[in-house]
Amino acid sequence: MLTKTIIVTNQTMNTNKSVVEFTFVSKPNSSSISKQWLKVTPEQGILVPTESVEITFTLQVTSEIAPLLNFNKETLQDILIFRLENGTDHYVCLVLYLHHLVHQR
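What counts, and where the lines are drawn
- For every chain, the first residue of its written sequence is number 1, and the numbers climb from 1 along that sequence.
- Two thresholds apply to this predicted model, a pLDDT of at least 70 for residue-level local features and 80 or more for giving and counting side-chain atom pairs, whereas whole-chain, interface and lining totals are computed over all residues.
- Neither water nor hydrogens contribute to the side-chain values; these are computed over all heavy atoms in the structure.
- DSSP calls a pair of strands paired once it identifies at least 2 bridges connecting them.
- Numbering of helices and strands runs from the N terminus, with a helix taken as a DSSP run of H or I at least four residues long and a strand as a DSSP run of E at least two residues long.
- Here the axes come from fitting lines to C-alpha atoms, over the contacting stretch only for helices, and the angles between their N-to-C directions go from 0 to 180 degrees.
- The buried label applies to any residue whose accessible area, calculated with a 1.4 Å probe on protein chains only, is under 20% of its type's maximum; exposed applies above 50%, and partly exposed to all values in between.
- Residues belong to one nonpolar core when they are buried, are Ala, Val, Leu, Ile, Met, Phe, Trp, Tyr or Cys, and are joined through side-chain atoms within 4.5 Å.
- Salt bridges are defined as contacts in which a side-chain nitrogen from Lys or Arg sits within 4 Å of a carboxyl oxygen from Asp or Glu.

Moving on, we come to the sheet that holds strand β7 (residues 89–95). Taken in spatial order, the four strands line up as β4-β2-β6-β7 in an open sheet, and their pairing is antiparallel. The outermost strands of the open sheet, each flanked by one partner alone, are β4 (44–47) and β7. Taken over all neighbouring pairs, the strand axes of this sheet differ in orientation by 25° on average, direction set aside. With seven bridges connecting them, strand β6 (residues 77–84) and β7 associate as antiparallel partners. Across the sheet, residue Leu 80 finds its bridge partner in β7, namely Val 92.

Turning next to unusual backbone geometry. For the bond from Thr 41 to Pro 42, the omega torsion is -10°, close enough to zero to count as cis. Tracing the sequence through the fold places Pro 42 in the loop between β3 (38–41) and β4. One non-glycine residue, Asn 29, lies in the positive phi region at around 65°. Secondary-structure assignment places Asn 29 in the loop between β2 (20–25) and β3. Its identity as a non-glycine residue notwithstanding, Thr 50 has a phi of 70°, on the positive side. Within the fold, Thr 50 resides in the loop between β4 and β5 (52–62). On the accessibility criterion, Thr 50 (61% relative accessible area) is exposed.

If you look at the biggest cluster of nonpolar residues, it comprises 21 residues, and the most contacted ones within it are Phe 24, Leu 38, Val 40, Ile 55, Phe 57 and Leu 80. Those elements that provide at least two residues to this core are β2, β3, β5 and β6. At five residues, the largest contribution of residues to this core is made by β5.

Across all of its chains, the model carries three salt bridges by this definition. Across the salt bridge formed by Arg 83 and Asp 89, the nearest N and O atoms sit 2.8 Å from each other. Judged by its relative accessible area of 36%, Arg 83 falls in the partly exposed class. Its relative accessible area of 28% is what places Asp 89 among the partly exposed residues.

Structure, rendered in structure tokens:
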């Protein structure tokens, strides 16, 4: 099975004065937080004030998803919902263009 993997990280910090719990939640009419080619770690956690966490987005294009991309039945874009306990939802938009896959070594 042919697999192409790209890893993107983001450092997220709690700039508030109280402990905050975060979680990525599924979108309406979906049972998962992201499309099948995307994995997010950690999906949830707790941050004390001034603490930060590195969130990793792992994109995997496998031989199963590649034909869907080739025939425009799937795109490498997804919007994730990042929810803060007792706070607002934030939307994380991920878009990857095919030339990134071709030129990445």
